[in-house]
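# Survey of secondary and tertiary structure
These are the residues of each chain, in order.
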Amino acid sequence: MSATATQGSHEGHHDEHHDGHHDHPEWLAHHYETPRQQHEANKFGIWLFLAQEVLFFSGLFCAYTYYRMNNPELFKFAHHFLDTKMGAINTVVLIFSSFTMAAAVRCAQMENRKWLLRNLWITLGCAGAFMVIKAFEYSHKFHLGLFWGDSYDPAPEALADVAAKAGVAVETLPSMHQFFSIYYCMTGLHGLHVIAGMIAIGWVLRRAYRGDFNRYYFSAVDSVGLYWHIVDLVWIFLFPLMYLIR
Amino acid sequence: MQHDDNVDPDYDLGHPASMKSLLGVFGALLFLTFVTVWVAELHLEFDLAVSMFIASIKASLVAIWFMHLNHDSGINRVVMVGSILFFGLFLAVVLGDANYYQPDIVEWVQDQPPAN
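Counting restarts for each chain: residues are numbered from 1 in the order of the written sequence. The order in which chains are written sets their letters, starting at A; the order in which ligands are written sets their numbers, starting at 1. The predicted origin of the model limits local features to residues at a pLDDT of at least 70 and limits the giving and counting of side-chain atom pairs to 80 or more, whereas totals for whole chains, interfaces and linings rest on all residues.

A word on the overall build of chain B. Secondary structure elements follow DSSP: runs of H or I no shorter than four residues count as helices, runs of E no shorter than two count as strands, and numbering proceeds from the N terminus. For chain B, the helix and strand inventory stands at three helices and zero strands. Listing the helices and strands of chain B from first to last along the sequence gives α-α-α. With C-beta atoms placed from the backbone, the exposure class of a residue follows from how many other C-beta atoms lie within 10 Å of its own: 20 or more, buried; 12 or fewer, exposed; in between, partly exposed. Each of the 116 residues in chain B was classed as buried or not, and the buried ones make up 22%. Here the contact rule is simple: place C-beta atoms from the backbone, and any two residues whose C-beta atoms are within 7 Å are in contact. Sequence separation of at least 24 residues holds for 45% of the intrachain contacts in chain B that already meet a minimum separation of 6.

A count of helical and extended segments in chain A gives seven helices and zero strands. Computed over its C-alpha atoms, the radius of gyration of chain A comes to 23 Å, more than 25% above the 18 Å expected for a compact globule of 246 residues. When its C-alpha atoms are laid out on the principal axes, chain A stretches across 80 × 30 × 25 Å. Scored against the burial criterion, the 246 residues of chain A give a buried share of 38%. For chain A, contacts bridging at least 24 residues in sequence account for 71% of all contacts bridging at least 6. Radius of gyration: C-alpha atoms only; globule rule: 2.2 Å multiplied by the number of residues to the exponent 0.38.

With that settled, the discussion passes to the nonpolar core. Each nonpolar core comprises buried Ala, Val, Leu, Ile, Met, Phe, Trp, Tyr and Cys residues, the members being joined through C-beta atoms within 7 Å. One finds L50, A104, A108, V221, V234 and L238 of chain A to be the most contacted residues of the largest nonpolar core, which totals 79 residues. With 17 residues, helix α7 (residues 219-243) of chain A is the largest single contributor of residues to this core. Excluding residues within four positions of it along the chain, L50 of chain A makes contact with L226, Y227 and I230 of chain A together with M80 of chain B.

All names here are of chain A. The contact between helix α1 (residues 35-70) and α7 brings their axes to 10 Å, and the two run at 20 degrees. Relative to α7, the element α1 lies roughly parallel. As for how α1 packs across α7, the hand of that crossing is right-handed. Contacts from Q38, H39, N42, I46, L50, E53, F57 and Y64 in α1 reach S219, S223, L226, Y227, I230, V234 and L241 in α7. Amino acids outside the nonpolar list (Ala, Val, Leu, Ile, Met, Phe, Trp, Tyr, Cys, Pro) and the charged list (Asp, Glu, Lys, Arg) are all regarded as polar, and Gly is one of them. In terms of residue class, the contact of α1 with α7 is made up of nine nonpolar, five polar and one charged. Note on geometry: axes are lines fitted to C-alpha atoms, helical ones only across the stretch in contact, with angles between N-to-C directions running from 0 to 180 degrees. Comment on the angle field: the value is read as roughly parallel under 35 degrees, roughly antiparallel over 145, roughly perpendicular from 65 to 115, and oblique elsewhere. In this scheme the crossing of two helices becomes right-handed for a clockwise turn of the near helix relative to the far one and left-handed for an anticlockwise turn of less than a right angle.

This part is about the confidence of the model for chain B. Residue and element names in this part refer to chain B. Confidence per residue, as judged by the predictor, is encoded in pLDDT with a range of 0 to 100. In this model, chain B carries a mean pLDDT of 88, and residues with pLDDT of at least 70 account for 89%. Per-element averaging of pLDDT across chain B places helix α3 (residues 74-111) at the bottom with 91 and helix α1 (residues 19-41) at the top with 96. The ipTM assigned to the predicted complex is 0.86, against a pTM of 0.88.

With that settled, consider α3 of chain B. Multiplying 1.5 Å by the helix residue count minus one yields the expected span of that helix. The end-to-end C-alpha distance of α3 of chain B, which contains 38 residues, comes to 55 Å, matching closely the 56 Å that a straight helix rising 1.5 Å per residue would cover. Here α3 of chain B has its buried residues at N76, V79, M80 and S83 of chain B.

Let us look at the interface of chain B and chain A. In this complex, chain B contributes 44 residues to the contact, which on the side of chain A involves 46 residues. Every element with two or more residues in the side of chain B that touches chain A is listed here: α1, α2 (47-66) and α3 of chain B. Ranked by the residues each element gives to the side of chain B that touches chain A, the list is headed by α3 of chain B, at 14 residues. Partitioned by chemical class, the residues of the side of chain B that touches chain A number 28 nonpolar, eleven polar and five charged.

Here α1 of chain B spans 34 Å end to end across 23 residues, near enough to the 33 Å set by a 1.5 Å rise per residue. Listed as buried for α1 of chain B are L22, V25, F26, L29, T33, T36, V37 and A40 of chain B. Residues of α1 of chain B that are buried in the fold lie against α3 (84-109) and α7 of chain A together with α2 of chain B.

Here it is in structure tokens:
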């Protein structure tokens, strides 16, 4: 078939070598009529998935609200165990990675492959940095015996430190295992989402090196980008709810 | 798939965001992060409300500009806003239910034999 308007100037994306299939470019799945239809179907699909993500996390936010409402003093003491500086640095890292991801989508749309690759690498690097900082925070807490549920066994010096910060006697501190259960559930599941995001960004990077994306097809970058922004959104709420309790 | 006119309807699929708007949103998010940490240190009576308000502004900035909802189709906006409304409904029902049964729970706890 002659090059259609939708195939445009994309030499190398034509499907002449693609004998078993119909007349469509490699990047247009054959069940779609036009790139626009493919783009919109993909976007709708990913938004439904993101709505599911919001509802998935909403269960955890409900649990948080319920626990905090019933044990406000627990949360007021427990936040002293968390390092606001670490949380704030991680917030900035994630916001910056969201920015570079949005820039990557823009580059994919504008066929700027060089900066698409750069932005994706920066995003991946920030995701890694976030997990490294998180790992430092977790290992510090594990070291002090600050675990979830029945495993909660705080080191005396950790309790003394928190009591001093809160200005109360050590004996009056309640057991804060409930806080750590919800803390590890929420930040842990968020961390798993970051790791999943890193895998997804790695996959997009590989495809970007292969030259899969052009102004008619950038859905993979777009979708992974939207997912990455949701991961950022969840953290935007987790940060004040965990680290900024006063 | 054949388009006889010269206008390619698929050319502008993505509405690439302007670099200025992306940088602007990034700057605003950094600023609001700074503000929310600063407000927390003031130890206000209503700091939870303030920090959630700031987080909501940040979330809206991300959703509208970084996630392109400003140039997205209506149905995708409905999906996003709908999920947040259902989150609100979920929270309202959970808290309403918890409040309703709280006296029963307190009574039950008091009736238990003392733990060793």
